[in-house]
Amino acid sequence: MRIGGIEAGGTKFVCGYGTTDGTIEHKTSFPTGDPDETCRQVIDYFTAHPVDAIGIGAFGPVDVKEQSTSYGTILDTPKTAWRQFPFLSTLKQALGLPMKLDTDVNCAALGEVRFSAEAEKPSSLVYITVGTGIGGGAYIENRLIHGLLHPEMGHITVQRHPHDTYGGCCPIHHDCLEGLASGPALEGRYHTLAQMLPEDHPAWALHAYYLGQMAANLLLTLSPERIILGGGVMKQPAMLPLILEEADKRLCGYLQLPKPLHEIVTKPSFDGLSGLMGAIALGTDALQAQGAAQ
Ligand code: ADP
Ligand code: ZN
């Protein structure tokens, strides 16, 4: 079986395929353009590289409810050309394959769970990406959660650092978590590219102040066995230890954790590939669901 995966991001699309065990055999990427042109590129890719099913991890907000008539439609995104675009049904109509769609971060969470070693496979895991935006996907007690819409963990309110006067860069809430701790927030606050800042720059402790709050809040709310922190900002090696320190401080020893915090809050196991691997896992599920329905 050859399963396709699409990571449909706001800035770039990754298309690829692999086997059901998560081995990626081929992938390519291209910038996200308008919906028609971008779908054309996706369709051309899977016409040239035929697959048995496709899983899609999409930027949002997007309708992720399988029972909904607008399942797979992009909702009110700041990318205006994509608003109300029936993404999944456009691809389904053109390719005629079993397909499933979820959020990009839910796919990354699924990839991290599905392909982790059997002995340590968690039943609950949250995947957070800290990049251009902040997003979170949750796999809780063996399934991806959607709830009312789908989680938008990047937009939670965090306690502002008493010395932080930056207004925040979220166009909607200004100083939500994404507004204060994403890559653009760092760049807005320090007027330089994140990758240019040295490891001992105070920016990292400030960002960790916010991201540590998120990690502590996730342990207190969803109680996941693992919290995975991915995305461009996490490439800075100083970040993870500072986040662990802040989360530990916030928890004040209240939770009787069965293992050390650094074994719970970690970097991704499949750096840069969790999303595509998760999309392939979702494609595998789509194929199985079709088989079961027949
Ligand atoms: P996206 O969120 O668009 O998918 P990324 O996850 O790669 O993309 O995140 C891009 C952001 O990550 C940029 O805004 C930049 O600020 C930040 N970034 C990229 N490289 C580094 C680095 N080496 N260290 C810290 N931050 C980085
Ligand atoms: Zn926000």
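Residues numbered from 1 in each chain as written. Chains lettered and ligands numbered in written order. Predicted model: local features only at pLDDT ≥ 70, side-chain atom pairs only at ≥ 80, totals over all residues. Heavy atoms only, no water.

As named in an unreviewed UniProt entry, the protein chain is fructokinase, taken from Bacillus xiamenensis. Here is the UniProt Catalytic activity (unreviewed entry) comment for the protein chain, exactly as written: "D-fructose + ATP = D-fructose 6-phosphate + ADP + H(+)". (UniProt positions renumbered as here; feature names shortened; annotations may be inferred.)

Asker: Mind showing me how you'd approach the site of ligand 1 here?
Answerer: Among the 14 residues in the neighbourhood of ligand 1, the closest are listed as Gly-131, Thr-132, Glu-187, Ala-194 and Gly-232. At 2.5 Å from an oxygen atom of ligand 1 is found a side-chain nitrogen or oxygen belonging to Thr-132. One of the backbone nitrogen or oxygen atoms of Gly-232 is found 2.9 Å away from an oxygen atom of ligand 1. Considering ligand 1 on its own, with 580 Å² of exposed area, one finds that the protein chains cover 69% of that surface. When residues of the shell around ligand 1 are assigned to their parent elements, the largest contribution, 3 residues, is made by helix α5 (residues 183–190). Considered class by class, the residues forming the shell around ligand 1 number 4 nonpolar, 8 polar and 2 charged. (Near = heavy atom within 4 Å. Polar contact = N/O pair within 3.5 Å; in protein donor to acceptor, adjacent residues only side chain to side chain. Areas by Shrake-Rupley, 256 points an atom, 1.4 Å probe, with all protein chains shown as cover. Helix = DSSP H or I, 4+ residues; strand = E, 2+ residues; numbered from the N terminus. Nonpolar A, V, L, I, M, F, W, Y, C, P; charged D, E, K, R; others polar.)

Asker: Honestly, the sheet that holds strand β6 (residues 125–130) in this entry has me stumped. Any pointers?
Answerer: Hydrogen bonding along the main chain pairs the strands of a sheet, whether they run parallel or antiparallel. Across the sheet, 5 strands lie side by side as β8-β7-β6-β9-β10; this open sheet has mixed pairing. Sheet topology places β8 (143–144) and β10 (265–266) at the edges, where each strand pairs with a single neighbour. Relative to β8, strand β7 (residues 134–140) is paired through 2 bridges, and the arrangement is antiparallel. By the bridge assignment, Ile-140 is partnered in β8 with Arg-143. Contacting β6, β7, β8 and β9 (226–230), helix α3 (residues 104–114) crosses the sheet at an angle of about 50° to β7. (Pairing = 2+ DSSP bridges. Contact = heavy atoms within 4.5 Å. Axes fitted to C-alpha atoms, helices over the stretch in contact; angles between N-to-C directions.)

Asker: Please clarify how the coordination of the zinc ion (ligand 2) should be interpreted in this entry.
Answerer: Around a metal, the idealised angle for a tetrahedral arrangement of four donor atoms is 109.5 degrees; for an octahedral arrangement of six donor atoms it is 90 or 180 degrees. Taken together, the protein ligands of the zinc ion (ligand 2) are His-155 (ND1), Cys-170 (SG), His-173 (ND1) and Cys-176 (SG), with distances of 2.1 to 2.4 Å. Note that the zinc ion (ligand 2) binds 4 donor atoms; their angles at the metal cover 102 to 121°, and the shape is tetrahedral. Read from N- to C-terminus, the donor residues coordinating the zinc ion (ligand 2) fall into the pattern H-x14-C-x2-H-x2-C. Cys-170 sits in the buried class, given a relative accessible area of 2%. (Donors = N, O, S within 2.8 Å, 3.2 Å for Na, K, Ca; no water. Tetrahedral: all angles 85-135°; square planar, octahedral: opposite > 155°, others 65-115°. Buried < 20%, exposed > 50% of the residue type's maximum accessible area, 1.4 Å probe, protein only.)

Asker: Explain the sheet that holds strand β4 (residues 53–58) to me, please; I cannot follow it from the model alone.
Answerer: Spatially, β3-β2-β1-β4-β5 is the arrangement adopted by the 5 strands of the open sheet, whose pairing is mixed. Of all the strands in the sheet, the pair left with one neighbour each is β3 (24–31) and β5 (99–103). Mean inter-strand twist for the sheet, computed between neighbouring axes without regard to direction, equals 15°. Sheet topology places strand β1 (residues 3–8) next to β4; 6 bridges connect them, and they run parallel. The partner of Ala-8 across the bridge, within β4, is Ala-58. Against the sheet, helix α2 (residues 87–95) engages β1, β2 (12–18), β4 and β5, with an angle of about 160° to β5. Across the sheet, helix α9 (residues 274–293) touches β1, β2, β3, β4 and β5, and the angle it forms with β1 is around 130°.

Asker: Can you walk me through the side chain of Ser-116 in this structure?
Answerer: Its location among the elements puts Ser-116 in the loop between α3 and β6. Within the structure, Ser-116 has its side chain in polar contact with the backbone oxygen of Val-113 (distance 3.1 Å). In contact with Ser-116, other than residues within four places in its own chain, are Lys-121, Pro-122 and Phe-270.

Asker: Looking at this structure, I do not really get the domain arrangement of the protein chain. What am I missing?
Answerer: By convention, interface size is frequently given as the accessible area that disappears when the constituent parts associate. With domains assigned, the protein chain is organised as domain 1 (3–102 + 272–293) and domain 2 (116–266). Between domain 1 and domain 2, the C-alpha centre-to-centre distance is 26 Å. In this assembly, 6 residues from domain 1 lie in contact with 8 residues from domain 2. Approximately 570 Å² of surface area, both sides summed, lies buried where domain 1 meets domain 2, with 56% of it carried by carbon and sulfur atoms. For the domain 1 face of the interface with domain 2, the top three residues by lost area are Val-64, Lys-65 and Asp-102, together amounting to 60%. (Domains from an automatic or database assignment. Buried area = accessible area lost by both parts, 1.4 Å probe.)

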